[in-house]
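Summary of the model geometry
Residue strings, one per chain:
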Amino acid sequence: MSDTADRPTASAADSEPPRGSFRSWPGPARWTTYVVGLLVLVLVAGLVVGVVAVRRPFPTTSGEIAVPGLAGEVEVVRDENGIPQVYADTAEDLFYAQGFVQAQDRFFEMDFRRHVTAGRLSELLGPDALETDKFIRTMGWRRVAEQELSLLRPETLRYLEAYSAGVNAYIDSHTPSQMSLEYTVLALNGLDYTPEEWSPTDSVAWLKAMAWDLRGNMAEEIDRAIASVNHTAEEIESLYPPYPYGRHRPIIEQGGVVDGVFEQEATGSTSRKPIRPPLNADLVETLEELGDDLEAMPELLGRGSGIGSNSWVVDGEHSTTGAPILANDPHLGISMPGIWYQMGLHCRELTEACPFDVSGFTFSGLPGVVIGHNHQIAWGFTNLGPDVVDLYLEKVEGNQYLYDGRMRPLVTRDESIEVLGRDEPFTFTVRSTEHGPLLSDVSAELSTVGANSPVAEEAPPRDNGYAVALSWTALVPSRTADAIFMIDAATDWDEFRAAAAQFAVPAQNLVYADRDGHVGYQAPGLIPIRKSGNTGDYPVEGWLSSNDWTGNYVPFEALPNVLDPEDGIITTANQAVISPEYPYYLGDSWAYGYRSQRIMDLLGTKARLSVEDMVELQLDTRNGFAPTFVPYLLDVLMPSQYLAAGQRLLQAWDFDQPADSSAAAYYNAVWRQTMERTFHDQLRDSIRPDGDDRWFEVMRRLLADPRNSWWDDIETDTVVETRDDILFAAMAGARDELVRLQARRADEWTWGHHHRMNLENESLGQSDIGLVRWLFNRGGYEVGGGGSIVNATNWDAAEDYTVTAAPSMRMVVSLEDFDDSRWINLTGVSGHAFSDHYTDQTELWVAGETLRWPFSRDAVESATEDTLTLVPAETG
């Protein structure tokens, strides 16, 4: 019997689909639904694939992983924010695990950075990155890093090699799509890529990127030269006023050099003056193009006036704990993920062979801890900003250049760059003089300088013009990598200073505290001594050996330092290091002391300060120039209710700039308008004011001189404007601007509405494809603060109000009990988009909050959420 015998036969009526069912619809509708259904399936499948692609790189943070090359087991414990603390028996295992763990969280960032520092970004991103690669190859960052390896201590090399082995253990066990979502997206653009093994050179080369973004006054050299084409020397100097020592204290107020050694009880001697060479419009145009090309290079740490830091320390007599408290918050470029990576590195037993018990902030790709504390000392960094870069004009003919009346051969080398999407590599020749590589060779626009560039009468014939060479201390092989590990292991002031002596570039202000109650400051770094004194303010004539560096550097023993100063407080915020009487020229491109003096003033308001007081101080938003500027604004008559609405906000303003402040919104709009209306008519686009504290000092002088020529709008032929004309126009313009940006009612304005922080992925964050930007970028955070304010959320008055640099992390270290310390990162520890730890610290950062910073083993264990054990893989 068939299995259908007992089934009823369907009638014709039964065979018709129920009314309203899918098959009862007309044919076109059914086809539309088929398509929609197919699209839904595709979208669902795409969503599933997308979720898998997104989550595939997330790291394993618990359980056990066998890896080759370990001597023993290593524990990696993470807290609820994913911050790792690593415990090992040997230093080599410790740094091996650091490499593996950092690769778990941020390998693409590491790989991207090493492509930048090697001049190989075009391999990943294609022709758009070629100009960047040419500049970096010309400077030879990686070549210098390779030379530095031979200078390093044997133990430093072992640590670098162990770190590399840990990274490579991760690389060898993961495909690109398992490492990062960025590789998956780049594969869609045609990238067929397998990461190379990591090497010690990759880590050391990152120090060149640090030095580049913190290189000092190179931009000012170019800007001064550009301004000189149509302004007198006096006018230019009015845009670069001297540091206000009478109002803003330097870092060190005691001591001087005696017999080549800085003694904190001695007094100083002489200073040096700048030299301004002759320049003209063609040469200035060349330098302006050079500046534009350099600005196009990727910002790994950020650059510009917003790049700086705050760091201070108080001794036990000024703290509520009876022991020193040290604070630090470096102001760097903003990115997604953030610049810093938090972690702890702990030898289970401290010995001479394994001396590390340290926690703090480091960079992915670099072993050790850069800023933080160990079991005995704490330290912070701010950028010293010395003059370590000079641009030299070179008379080049063919493959020779002129030097002291004789032609010398250029030193040359050939470079080859692989470019994504091209069958053949791009090849070019790097040429160098006595002073350094010719940056003018790497851009077609800079291949020659105008034939009419006038120089001194005794200058050589112009012919095809002048090239531009770069002298920079970071191109001198050094032992900065040694310094990182030596600081991590230091236990007292003498060991700390011995480590600082190796910290060549970028030169930093080092702030120190220890558990014995000492506080200190040390300026390190390679700072060149110039034959002609200070020739670092303008590009100089390279054919004159009198403009050269001597080949010597300011001796470390002569660099400013102090231990346990008389007042028990040390404050560094990129201000002048020491008085002008100091005998060596360190530079003069300091911040103008608005942040540092505000910090000093606040530290002096209490007899004793707590950790909480330090955290609160880091969030201070008072505008240091507003008390000077606002009275002038209030004296200007605004003739209507509409125009006066913003001005009225200033009458009761306390000069603080929280995100919800209406007065701060108006004030900063007036400031931007004042910069534009005062200077844009007379300065070239490339040197228009960004509104930082240098312009505070410029405007302080101009406000007292209401008929100064800078106030005049040269585009109005029949009118000579004065100060109050410009201030009226600026306030009226600000009123209109805020109506467009926010609302007509002045009390509805907020500073944070247009002072927003947007975090962009370094590589794909500026993609032309909106979906790609959405995957990796995070933003729209409304923040308070501003440029040259303690809470330094910098913005560029020549552009808009968007945040360009910010406190990249904040830390406060209690030397009495390290477990009472606080820290916060700008973003999370993870570099994986959509990870729980991608931006989990960002909202806290915006709100001004910090995290507990466990250090002791008990505190770490009580905060542990995940434990991963790395074990030696079986061999055989």
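Here the structure is shown first, and the text comes after it.
All values derive from a computational prediction rather than experimental measurement.

What counts, and at which threshold
Residues numbered from 1 in each chain as written. Predicted model: local features only at pLDDT ≥ 70, side-chain atom pairs only at ≥ 80, totals over all residues. Heavy atoms only, no water. Helix = DSSP H or I, 4+ residues; strand = E, 2+ residues; numbered from the N terminus. Buried < 20%, exposed > 50% of the residue type's maximum accessible area, 1.4 Å probe, protein only. Contact = heavy atoms within 4.5 Å. Areas by Shrake-Rupley, 256 points an atom, 1.4 Å probe, with all protein chains shown as cover. Phe/Tyr/Trp six-rings, centres within 6.5 Å; stacked < 30°, edge-to-face > 60°. Lys NZ or Arg CZ within 6 Å of the ring centre and 35° of its normal. Pairing = 2+ DSSP bridges. Core = buried A, V, L, I, M, F, W, Y, C linked by side-chain atoms within 4.5 Å. Disulfide = S-S within 2.5 Å. Expected span 1.5 Å × (residues − 1). Polar contact = N/O pair within 3.5 Å; in protein donor to acceptor, adjacent residues only side chain to side chain. Salt bridge = Lys/Arg side-chain N within 4 Å of Asp/Glu carboxyl O.

**A look at the overall build of the chain**
Regarding its fold elements, the chain presents 26 helices and 32 strands. Burial status across the chain gives 59% buried among its 876 residues. Long-range contacts, defined here as pairs at least 24 residues apart, represent 74% of the contacts in the chain between residues at least 6 apart. When the accessible surface of the chain is split by element, carbon and sulfur atoms take 49% of a total near 34,100 Å².

**What about the packing of aromatic side chains?**
Per the stated rule, a full pass over the model turns up 45 aromatic pairs. For the pair Phe100 and Tyr170, a centre-to-centre distance of 6.0 Å together with 85° between the ring planes defines the contact as edge-to-face. With a gap of 70 residues between them, Phe100 in helix H3 (residues 91–117) and Tyr170 in helix H7 (residues 154–172) connect regions that are remote in the sequence. With a relative accessible area of 2%, Tyr170 lands in the buried category. Consider the rings of Trp774 and Phe834, whose centres lie 5.5 Å apart with planes at 50°: the pair is tilted. Taken as a pair, Trp774 in helix H24 (residues 770–776) and Phe834 in the loop between strand S30 (822–825) and helix H25 (842–846) lie far apart in primary sequence, 60 residues in all. Accessibility expressed as a relative area gives 34% for Phe834, which makes it partly exposed. The ring centre of Trp206 lies 4.3 Å from the NZ or CZ of Arg113, which sits over that ring.

**Examining the pairing of strand S9 (residues 357–362)**
The buried count for S9 comes to six of six residues, which makes it a mostly enclosed element. Strand direction decides the pairing type here: strand S8 (residues 341–347) and S9, joined by six bridges, are antiparallel. The residue bridging His346 from the neighbouring strand is Asp357, located in S9. One ladder, built from four bridges, connects S9 with strand S10 (residues 371–374); its direction is antiparallel. Bridging across to S10, Ser359 finds its partner in His373.

**Some thoughts on the nonpolar core**
In this structure, Phe107, Trp472, Phe679 and Met757 are the most contacted members of the largest nonpolar core, which totals 225 residues. Looking at which element gives the most residues to this core, the answer is H3, with 13 residues. Once you skip the residues sitting within four places of it in the chain, Phe679 turns out to touch Leu239, Pro689, Trp695, Val698, Met699, Leu702 and Trp710. In terms of nonpolar packing, the next biggest core, distinct from the first, is built from 15 residues, Val314, Ile325, Ile569 and Leu603 among them.

**Section: the state of the cysteines**
A full pass over the atoms with the stated rule returns one disulfide. With its sulfur 2.0 Å from that of its partner, Cys347 forms a disulfide with Cys354. Residues Cys347 and Cys354 are joined through a disulfide that is left-handed, its torsion about the S-S bond being -85°. Pair check on accessibility: Cys347 and Cys354 agree, each one buried.

**Looking at helix H20 (residues 662–679)**
Residues that lie three or four places apart on an α-helix share one face, since the helix turns once every 3.6 residues. For H20, which comprises 18 residues, the first-to-last C-alpha distance of 26 Å matches the rise-based estimate of 26 Å (1.5 Å per residue) to within 8%. H20 sits mainly inside the fold: 16 of its 18 residues count as buried. Its side-chain oxygen 3.4 Å from the backbone nitrogen of Ala663, Ser661 forms the N-cap of H20.

**Focus: the environment of Trp379**
Mapped onto the fold, Trp379 is located in strand S11 (residues 377–383). You can call Trp379 buried: its relative accessible area is 0%. A polar side-chain atom of Trp379 sits 2.8 Å from the main-chain carbonyl oxygen of Val370.

**Things to note about the pattern of salt bridges**
Proximity of charged atoms lets side chains of opposite charge pair with each other. Taken as a whole and judged by the stated rule, the model has 40 salt bridges. Here Glu92 and Arg158 are joined by a salt bridge, their closest N and O atoms 3.1 Å apart. With a gap of 66 residues between them, Glu92 in helix H3 and Arg158 in helix H7 connect regions that are remote in the sequence. Classification of Arg158 as partly exposed rests on a relative accessible area of 41%. Members of the salt-bridge network, linked through shared partners, are Glu75, Asp89, Arg348, Arg857 and Glu861.

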